[in-house]
Amino acid sequence: MSLDAIITEIEQSADKRILGGDRAADLIVFLGVKYARAVDNYMVKKAEYAKAFTAERPNHKSDTACERFLDHTELGLEVSHWKYQTRKCEMLVNVLKGFIYQKGVESKNAQ
């Protein structure tokens, strides 16, 4: 299940108010796996970025100029992509945790 598919399922379920606590817990597990993969990929790309920075730095006047240059290369865009993916997973897990908490409170109040 892709990250976009998980987001779509959460959106559709929230619109129809059919997302259950058990399914939300399952989605947290999926997101945990996606998060782990995204962090691994981010670290690999960040290491490549550091090597490229070291190689490219003598060609620029400052560290900032070198970073700006690298940020607009394919490698820089990949680093940004994986960083964004980790943040997206974190946000979705937090949303689902809040949802599960809300369902638990509703369940206790219904008793």
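Presented here is a report on the structure given in the accompanying data block. (Residues numbered from 1 in each chain as written. Predicted model: local features only at pLDDT ≥ 70, side-chain atom pairs only at ≥ 80, totals over all residues. Heavy atoms only, no water.)

## Let's talk about the packing of helix 2 (residues 21–56) against helix 4 (residues 74–110)
Where helix 2 contacts helix 4, the axes come no closer than 8 Å and their chain directions differ by 160°. In terms of their interaxial angle, helix 2 and helix 4 are classed as roughly antiparallel. The handedness of the crossing between helix 2 and helix 4 comes out as left-handed. Its residues assigned to classes, the contact of helix 2 with helix 4 comprises 20 nonpolar, five polar and eight charged. (Axes fitted to C-alpha atoms, helices over the stretch in contact; angles between N-to-C directions. Helix = DSSP H or I, 4+ residues; strand = E, 2+ residues; numbered from the N terminus. Parallel < 35°, antiparallel > 145°, perpendicular 65-115°, else oblique. Left-handed = near helix turned anticlockwise from the far one by under 90°. Nonpolar A, V, L, I, M, F, W, Y, C, P; charged D, E, K, R; others polar.)

## Re the pattern of salt bridges
Inspection of every chain in the model, using the stated rule, returns six salt bridges. Measuring nitrogen to oxygen at the nearest pair gives 3.8 Å for the salt bridge that ties Lys-103 to Glu-106. Remark: Glu-106 and Lys-103 occur in helix 4; sequence separation between them is three residues, near one turn of the helix. Judged by relative accessible area, which is 38%, Glu-106 ranks as partly exposed. Overlapping salt bridges bring together Lys-45, Glu-48 and Glu-78 as one network. (Salt bridge = Lys/Arg side-chain N within 4 Å of Asp/Glu carboxyl O. Buried < 20%, exposed > 50% of the residue type's maximum accessible area, 1.4 Å probe, protein only.)

## So, the side chain of His-60
Mapping His-60 onto the fold places it in the loop between helix 2 and helix 3 (63–71). Residue class for His-60 comes out buried when judged on its relative accessible area of 19%. For His-60, the residues in contact, after removing those within four places along its chain, are Ala-65, Cys-66 and Phe-69. (Contact = heavy atoms within 4.5 Å.)

## A closer look at the environment of Arg-37
Within the secondary structure, Arg-37 sits in helix 2. The class of Arg-37 is partly exposed, set by a relative accessible area of 48%. C-alpha separation for the pair Arg-37 and Trp-82, spaced 45 residues apart in sequence, amounts to 9.3 Å.

## Side note on the packing of aromatic side chains
Tallied over the entire structure, the rule returns zero aromatic pairs. The lysine or arginine in question, Lys-46, covers the ring of Tyr-49, its NZ or CZ lying 5.1 Å from the ring centre. (Phe/Tyr/Trp six-rings, centres within 6.5 Å; stacked < 30°, edge-to-face > 60°. Lys NZ or Arg CZ within 6 Å of the ring centre and 35° of its normal.)

## Some remarks on the environment of Gly-21
Tracing the backbone shows Gly-21 in helix 2. Note: C-alpha distance between Gly-21 and Gly-104 (83 residues apart in sequence) is 8.2 Å. Ignoring any residue separated from it by four or fewer positions in sequence, one finds Gly-21 in contact with Phe-99 and Ile-100.

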